[in-house]
Amino acid sequence: MKIELKNREKSAYKKLCCTQSAKELKEDIVVPDTLEDILRILSCTHQCRIRSKNVEQDCVLVGGELDVTVLYIPETGDGIQTISTVIPFELRLDAPGADSTSVSIIDTSVLNIDVKTVNPRKVSVSADICITQSCYKYLDMAWAEAPDTTTEKLFIKPGEVDYQGIVLATEKMLSLEEDLQLPDNIQNGEFISACSSITVDSSEVIGSKLIVKGRAEIEALYIVSSVPEMAAFSIGFSQLFELPEDVKEPNVRAACMVTGQYFEPLGEKLAADIRGVIQIICTEQQHISYIEDAYACGMELGIDKMEFQYLQSASCTRGSESLSLSYNTDYGANRILFSRASCSAVDISDSQISVPVTADIVYEDSEGALRSCRVRGTAEIPYQADEGSELESARIKSVKASARADETLISITVSIEAEFSTATHSSVSMINDINAEACEPGSRAGASVYMCKALDGDLWSIAKKYGSDVRLIKEINSLEDDECACGRLLLIPIVR
């Protein structure tokens, strides 16, 4: 006999996988005939853009390009000249279970970039690109609840669980256009290049809308009187997302990427046109009731179970650290022209992450010549995770460098901000099908009552073992509903 259970269904996003892929890029830049030979390289700027992202069967294909601009001192020693290149790339990331209906949230970073002079007319560029993706799919979920009424000899134990359900996984294009006012010190300079990044700062729910707020940060490089100068800008934005019905207080995690940019000097201003994608994952606490256990008196039960794996909790925190570095120059250092820093692959341990840092400094030496130096170090950023939770990801949100010169010593401070995503996963066993068959004669002992000491107070396990009823055990032993039976000697009536 099949027991008619309450069938329940809902649709939700499920995280299929999280994978990573890296690729080494190499390219040579030949100095055009119109430019002078290279005496020494000063610095390079770079910008990574994602042009395409396609989810296919069991994989995600990502295409993009790396813009590189190299500043160098020409052989005559006068002024600064620049050469540049665009390096295209494609990466394939495994995504088991994914198809064209899935959503892939990606995060990209340039782990390392190095520029070397091959000869006075050629520069070699090498870079490491890393992309991490998490793939989500909207799937139906089915389970069973206990029926409103059961037979007198069938006992069903209900269970319930609170979990963080993924209610939204999506992305939206972002377009920012603005004329940026230049600082006074570079208004007469020559624009060379600019790079941008997008970050999300906050989110709030208004009605059925999720408002995500953030900023695009821009660093523009100019040459002013044969000296490189950097200008920093910030453009704020807000983006609207439509929330699913009944979602009121989602936890939002965001990832951003630049897909395109265009800059044009306009006198005292810089016209900026930035394209990007805002990717979000929203979770919200949800609740379901299910069947945890069942037994029958005088019947044998055939039970089918399923494992329900769920996200118990998730949190996103930030940590920061400042790293002090130094460089001794044989040429002396009059002043710092500009400084910048980048991070390599993060090493994760139980309580902290180790972040390899590279700082590039352009300075004027004691004789007025332009020079550069590169300094490396490692920052240790601690994080805290709740007991039982795991660190899912550690992302570097920003890396900023500042430097000062003191005769032959250059002191550099690198400020690093990281974002940590932690999660606690768990699972429960749910009964989704019950069949009952009558026991064969003589399969159960003939006693009508037993005596049992409740060692742990679990009356359900005792009733199931002896074929009894929790309600009858409480009644015959004069136990209140909230009274603990642990350690008591109980009479256990047998239900026939």
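Residues numbered from 1 in each chain as written. Predicted model: local features only at pLDDT ≥ 70, side-chain atom pairs only at ≥ 80, totals over all residues. Heavy atoms only, no water.

Draft legend 1. Representation of the pattern of salt bridges in the model. For the structure on display, the rule yields 34 salt bridges. We note a salt bridge from K137 to D99, for which the minimum N-O separation is 2.6 Å. In this pair, K137 is assigned in strand β6 (residues 122–145) and D99 in the loop between β4 (81–94) and β5 (103–119), connecting sequence segments 38 residues apart. Here K137 and D99 have matching classes, each one buried. Several salt bridges converge on common partners, so that one network encompasses D107, R318, R395, K397, E417 and E419. (Salt bridge = Lys/Arg side-chain N within 4 Å of Asp/Glu carboxyl O. Helix = DSSP H or I, 4+ residues; strand = E, 2+ residues; numbered from the N terminus. Buried < 20%, exposed > 50% of the residue type's maximum accessible area, 1.4 Å probe, protein only.)

Draft legend 2. Focus on the sheet that holds strand β13 (residues 299–328). Taken in spatial order, the three strands line up as β13-β19-β18 in an open sheet, and their pairing is antiparallel. What marks the edges here is a single partner per strand, and that holds for β13 and β18 (390–406). Taken pair by pair, the neighbouring strands of this sheet meet at an average axis angle of 5 degrees, ignoring direction. (Pairing = 2+ DSSP bridges. Axes fitted to C-alpha atoms, helices over the stretch in contact; angles between N-to-C directions.)

Draft legend 3. Seen up close, the side chain of E364. Along the chain, the position of E364 falls in strand β16 (residues 352–364). Looking at E364, the relative accessible area reads 16%, which means it is buried. Once residues within four sequence positions are removed from consideration, E364 is found in contact with G332, A333, N334, R335, L337, A369 and L370. (Contact = heavy atoms within 4.5 Å.)

Draft legend 4. Representation of the layout of surface pockets in the model. Computed from the structure, the second largest pocket encloses a volume of approximately 650 Å³. Surrounding the second largest pocket, 25 residues form its lining, Y13, K14, K15, Q309 and Y310 being those nearest its centre. For the lining of the second largest pocket, the secondary structure elements donating two or more residues are β1 (6–30), β6, β7 (154–181), β13 and β19 (409–438). No other element matches the six residues that β13 contributes to the lining of the second largest pocket. When the residues that make up the lining of the second largest pocket are grouped by side-chain class, the tally is twelve nonpolar, six polar and seven charged. (1 Å grid on protein atoms, 1.4 Å probe; cavity = no way out; pocket = protein on both sides within 12 Å on 5 of 7 lines; lining within 4 Å. Points joined across faces, edges and corners; volume = space filled by probe spheres on them. Nonpolar A, V, L, I, M, F, W, Y, C, P; charged D, E, K, R; others polar.)

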